[in-house]
Amino acid sequence: MKKLTTLMIAALALAASGHAVLAQSAGNRLNTVVERGKLLCSGHNGSFLGFAEVDDKGAWKGLDIDLCRALAAALFGTSEGHLDIVPISWAQRWPSLQSGDIDVIIKVSGWTFSRDTELNLAYSMPYFVGAFQAMVKADLGATALADLDGGTVCVAAGTSTERAAATYLQVKGINAELLSFENGDEVRNAYYEDRCDAYVEWAPSLAAARLDAPDGADAHVILPDVIDLEVEGIIVPEGDSKWLDVQNWMLSSLWFAEANGITSANIDEIKANPVSPAIAKFVGATPGYGSALGLPDDWAYNMIKEVGNAAEVYDRNLGSGSPYNLPRGINALYSDGGVFYPLIID
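Parameters and conventions
- Within each chain, residues carry numbers counting from 1 in the order of the written sequence.
- Local features in this predicted model are restricted to residues of pLDDT 70 or higher, and side-chain atom pairs are both shown and tallied only at a pLDDT of 80 or more, whereas totals for entire chains, interfaces and linings draw on every residue.
- Computation of side-chain values covers all heavy atoms of the structure but excludes hydrogens and water.
- Only DSSP runs of H or I with at least four residues qualify as helices, and only runs of E with at least two residues qualify as strands; both kinds are numbered from the N terminus onward.
- Values of the radius of gyration come from C-alpha atoms, whereas the globule rule sets the reference at 2.2 Å times the count of residues to the power 0.38.
- The buried label applies to any residue whose accessible area, calculated with a 1.4 Å probe on protein chains only, is under 20% of its type's maximum; exposed applies above 50%, and partly exposed to all values in between.
- Residues count as neighbours in contact if any of their non-hydrogen atoms are within 4.5 Å of one another.
- Multiplying 1.5 Å by the residue count of a helix minus one yields the expected span of that helix.
- Two cysteine sulfur atoms form a disulfide, by the criterion used here, when they sit within 2.5 Å.
- Nonpolar core, defined: a set of buried Ala, Val, Leu, Ile, Met, Phe, Trp, Tyr and Cys residues in which side-chain atoms within 4.5 Å join the residues together.
- For helices, the fitted line uses only the C-alpha atoms of the stretch in contact; every axis is such a line through C-alpha atoms, and the angle between N-to-C directions lies from 0 to 180 degrees.
- By definition in this entry, angles of less than 35 degrees are roughly parallel, angles greater than 145 are roughly antiparallel, angles of 65 to 115 are roughly perpendicular, and the rest are oblique.
- A crossing counts as left-handed when the near helix is turned anticlockwise from the far one by less than a right angle, and as right-handed when that turn is clockwise.
- When residue character is reported, Ala, Val, Leu, Ile, Met, Phe, Trp, Tyr, Cys and Pro are called nonpolar, Asp, Glu, Lys and Arg charged, and the others, Gly included, polar.
- Salt-bridge detection follows one rule: a side-chain nitrogen of Lys or Arg within 4 Å of a carboxyl oxygen of Asp or Glu.
- As used in this structure description, the phrase polar contact means that two N or O atoms lie within 3.5 Å; if the pair is within protein, one of them must be able to donate a hydrogen and the other to accept it, and residues adjacent in sequence are counted only when both atoms belong to side chains.
- In short, DSSP must find at least two bridges between two strands for them to pair.

(A) Molecular detail of the overall build of the chain. Looking only at helices and strands, one finds 13 helices and 12 strands in the chain. Compactness check: the chain gives a C-alpha radius of gyration of 23 Å against a globular reference of 20 Å for 346 residues, within 12% of the reference. Structurally, the chain occupies a C-alpha span of about 75 × 70 × 35 Å along its principal axes. A buried classification covers 50% of the 346 residues belonging to the chain. Taking the contacts inside the chain whose residues are at least 6 apart along the sequence as the reference set, 71% of them involve residues at least 24 apart.

(B) Local environment of helix H9 (residues 241–259). Compared with the 27 Å implied by 1.5 Å per residue over 19 residues, the 26 Å span of H9 between its first and last C-alpha is a close match. Positive backbone phi, approximately 70°, marks Gly 261, located one or two places after H9.

(C) Summary view of the state of the cysteines. For the structure on display, the rule yields two disulfides. The disulfide that involves Cys 41 links it to Cys 68, with 2.0 Å between the sulfurs. Linking Cys 41 and Cys 68, the disulfide has an S-S dihedral of approximately -65° and is accordingly described as left-handed. Of the two residues, Cys 41 sits in strand E1 (residues 39–42) while Cys 68 sits in helix H3 (residues 63–76), which places them 27 residues apart along the sequence. You'll find Cys 41 and Cys 68 in the same group, each marked buried. Cys 154 shares a disulfide with Cys 196; S-S distance 2.0 Å. On the sign convention where negative is left-handed, the bridge of Cys 154 and Cys 196, at about -115° about the S-S bond, is left-handed. Residue Cys 154 is located in strand E8 (residues 152–156), and its partner Cys 196 is located in the loop between helix H7 (184–192) and strand E10 (198–202); the two are separated by 42 residues in the primary sequence.

(D) Geometry of the nonpolar core. Leu 39, Tyr 127, Trp 243 and Phe 282 are the most contacted members of the largest nonpolar core, which totals 97 residues. Considering each element in turn, this core owes the most residues, 10 residues, to H3. Listed in part, the eight residues of the second largest apolar core include Ile 88, Trp 94, Ile 105 and Ile 235.

(E) Focus on the packing of H3 against helix H13 (residues 310–317). In contact at an axis separation of 9 Å, H3 and H13 are set at 140° when each is read in the N-to-C sense. Put simply, H3 runs oblique to H13. Between H3 and H13 lies a crossing of right-handed hand. Across the interface between the two elements, Leu 63, Asp 66 and Arg 69 of H3 pack against Val 313, Tyr 314, Arg 316 and Asn 317 of H13. Of the residues assigned to the contact of H3 with H13, the class counts are three nonpolar, one polar and three charged.

(F) Structural context of the environment of Pro 287. Positionally, Pro 287 belongs in the loop between helix H11 (277–282) and helix H12 (299–307). Sequence-wise, Pro 287 and Leu 169 are 118 residues apart; in three dimensions their C-alpha atoms are separated by 55 Å. Other than its neighbours up to four places away in sequence, Pro 287 contacts Lys 281 and Asp 297.

(G) The pattern of salt bridges, seen in detail. If you walk through the whole model with that rule in mind, you get nine salt bridges. A salt bridge links Arg 69 to Asp 66; the shortest N-O distance between them is 2.6 Å. Pair noted here: Arg 69 and Asp 66 are both in helix H3, with a separation of three residues, about one helical turn. Of the charged contacts in the structure, one is a salt bridge between Asp 268 and Lys 305, with a shortest N-O distance of 2.5 Å. Highlighted residues: Asp 268 in helix H10 (residues 267–272) and Lys 305 in helix H12, separated in sequence by 37 residues. By relative accessible area, which is 35% here, Asp 268 ends up partly exposed. Connected via shared salt-bridge partners are Asp 66, Arg 69, Glu 306 and Arg 316.

(H) Representation of the side chain of Asn 183 within the structure. With respect to the element layout, Asn 183 can be found in the loop between strand E9 (177–181) and H7. Relative accessible area serves as the criterion here: at 11%, Asn 183 is assigned to the buried category. One polar contact links the side chain of Asn 183 to the main-chain amide nitrogen of Asp 185, over a distance of 3.0 Å. Setting aside its immediate chain neighbours within four residues, Asn 183 contacts Asn 45 and Gly 46.

(I) Main features of the pairing of strand E12 (residues 228–237). Most of E12 is tucked away: seven of the 10 residues are buried. Across three bridges, strand E5 (residues 105–110) lies against E12 in antiparallel orientation. Across the sheet, Ile 105 pairs through a bridge with Ile 235, a residue of E12. Summarising the sheet, strand E6 (residues 121–123) and E12 pair through three bridges and their orientation is antiparallel. Paired with Ala 122 across the bridge in E12 is Val 236.

This is the structure we're talking about:
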C-alpha cells in the first residue's frame, strides 16, 4: 500500500508539472514571438478579396494582412523583416494556432459558441461586422434564396459560412445542394464557371467578388436575404491573457488614432506637439502606454506610422482607395454611424 501511495503521489506530481509547463507555454506567446524576432500570421491558401490577396508582384495585401503588419510593427518597430504570412486553409486555422505554426489568427474568423467553448480559443473584441448573403447570375432571374429550390450553392468548406448556409436552407425548407471548396479562389471560380447557381459568402467579400467578376459586375446580383450576421475577431490560444491584451489594444489604438485625427502622415507632428496627456502617452511622447503590455512605449506610434489608422486601413483595402470602393457602413466609428469605438487611455 505504501508503495502504491508513493507511486500515486509521484504520478500526480508529474501530471501537475506537465500542466504547469503547458500553462506556461500557452501563456507566453508574446515572449515567444519577441524572442524569435518574427511574427507568424495567418494568410490564405488562395485569395479572400479585400482581406488577403497576393498582388501581381507576389506581395500580400488586404485588411487582414494590414492588421498582421500593424501587430508586427507594434512588436518590433516595423513589420519589415519581422513578419511571415503563413498560407493556411480555413480548416487549418485552429490546429495551426495550437501547434505554434502561426502565432495568431487574423483571417476574418467569426466568433461562434462552439469555437469559443470547444476549441480552446480566445477572441479579441470584434474588428469587423458582416452579413452572409448569396450572389447569383442576373440572367437566372432569382430575387430571393427561395428561388434557388432545386439548385446548387457554392460555399467555402470548414467555415461558419458553410454552417450558416446549411442551417438557413434547412429552416426555410429550401431544397438546394451545397458544394464545398477548400479555398476562396476555388469557390469563386466554380461560381463564375456555372458549376453552381449561387455563391454564398460574407457580404463584403461577396461584393468584392461581384466587382471582380470576369463578365462584369452587372451580370451578377446579390440577393437581399440575410442568412446570418457575423462578427470577426482576432484569435489567440485560450489562457494567454497578455497576448490577448495586445490584440485588443492594437485594435483600439487604430480606432483611437482615427477618432483623434491621427494619421500616418501627421503622427510625427502630433508626437512633437501632443494636444492632450492621453495623446502624448499614445504616441510615446510620454511613457506608460507600452510597459504594462510588454511592449515599447512607442509601439502605437510605430504601428500608425506604418499602416495608418482604422479608416486608412479600410479605405486602402476595401474603400475608396481600393478597386472595390465599398462603403464602410456599420464598420465605421460610432461618430460616423458605425458600431466601433476606442477604449479610454488613462
